[in-house]
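Read off the chains here:
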Amino acid sequence: QVQLVESGGGLQQAGGSLRLSCAASEGTFSGYNSGWFRQAPGKEREFVALITWRSSTVYADSVEGRFTISRDNAKNTMYLQMDNLQPEDTAVYYCTTDARTYYTGTYAPRYWGPGTQVTVSS
């Protein structure tokens, strides 16, 4: 059973930066598709970013150019660097993985972390 735990959330002013981290219970991020989702109050959960098993990246239009997804296989950790944060980025951010070693163009997470809160003030 894969376990994911996020950290690094908090309160930041608009224009600032935060880096989220996600630690996995085993060799999860090495060779699997993994990504971040978020859910703002009163809204549906939405896709943020993906890093495929071959290290290609995909971003939601709303964060393209501001957020960067990466992973460190040696540390079994995935990151989300968030720059130029805006109030609309306020949400609970979830770390995910589908534990698959192939990517068909569709990402359907199988495992989720409990989430970490990010709040951006104007």
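Attention in this report is confined to the structure presented alongside it.

Criteria and cut-off values
Residues numbered from 1 in each chain as written. Predicted model: local features only at pLDDT ≥ 70, side-chain atom pairs only at ≥ 80, totals over all residues. Heavy atoms only, no water. Helix = DSSP H or I, 4+ residues; strand = E, 2+ residues; numbered from the N terminus. Rg over C-alpha atoms; globule rule 2.2 N^0.38 Å. Buried < 20%, exposed > 50% of the residue type's maximum accessible area, 1.4 Å probe, protein only. Contact = heavy atoms within 4.5 Å. Areas by Shrake-Rupley, 256 points an atom, 1.4 Å probe, with all protein chains shown as cover. Lys, Arg positive; Asp, Glu negative; His and termini not counted. Charge placed at Lys NZ, Arg CZ, Asp CG, Glu CD. Patch = residues over 30% accessible without salt bridge, like charges linked within 9 Å, V, L, I, M, F, W, Y side chains within 5 Å. Salt bridge = Lys/Arg side-chain N within 4 Å of Asp/Glu carboxyl O. Core = buried A, V, L, I, M, F, W, Y, C linked by side-chain atoms within 4.5 Å. Pairing = 2+ DSSP bridges. Axes fitted to C-alpha atoms, helices over the stretch in contact; angles between N-to-C directions. Polar contact = N/O pair within 3.5 Å; in protein donor to acceptor, adjacent residues only side chain to side chain.

1. Here we look at the overall build of the protein
Scanning the protein for helices and strands turns up zero helices and eleven strands. Order of helices (α) and strands (β) in the protein, N terminus to C terminus: β-β-β-β-β-β-β-β-β-β-β. Against the 2.2 N^0.38 benchmark of 14 Å for 122 residues, the protein shows a C-alpha radius of gyration of 13 Å, consistent with a compact globule. Going through the 122 residues of the protein one by one, you find that 43% of them count as buried. Expressed as a percentage of contacts within the protein between residues at least 6 apart in sequence, the contacts between residues at least 24 apart total 58%. Per element, the accessible surface of the protein, about 6,300 Å² overall, is 44% carbon and sulfur. The protein carries 10 positive and 11 negative side-chain charges, and their two centres are separated by 5 Å.

2. Examining a nonpolar patch on the surface
A cluster of nonpolar residues, W53, V58, Y102 and Y103, forms a patch on the protein surface that exposes about 340 Å² of accessible area. Along the chain, the position of V58 falls in strand β6 (residues 57-59). Overall, V58 belongs to the partly exposed group, its relative accessible area being 31%.

3. Side note on the nonpolar core
Within the largest apolar cluster, 27 residues are counted, with the highest numbers of intra-cluster contacts made by W36, L80, M82 and Y93. For this core, the secondary structure elements donating two or more residues are β3 (18-24), β5 (46-51), β7 (67-72), β8 (77-82), β9 (91-97) and β11 (116-121). With four residues, β3 is the largest single contributor of residues to this core. For L80, the contacting residues outside a window of four places in its chain are L18, R19, L20, W36, V48, A49, F67, T68, I69 and Y93.

4. Considering the sheet that holds strand β1 (residues 4-7)
To summarise the sheet geometry, strands pair through backbone hydrogen bonds and adopt either a parallel or an antiparallel arrangement. The antiparallel open sheet is built from four strands, whose spatial order is β1-β3-β8-β7. Of all the strands in the sheet, just β1 and β7 have a single pairing partner and so form its edges. Recorded for the sheet is a direction-independent mean angle of 15° between the axes of neighbouring strands. With six bridges connecting them, β7 and β8 associate as antiparallel partners. Looking across to β8, one finds that F67 is bridged to M82.

5. Examining the side chain of N76
Here N76 is to be found in the loop between β7 and β8. Within the structure, the side chain of N76 is placed 3.2 Å from the backbone oxygen of A24, a separation counted as a polar contact.

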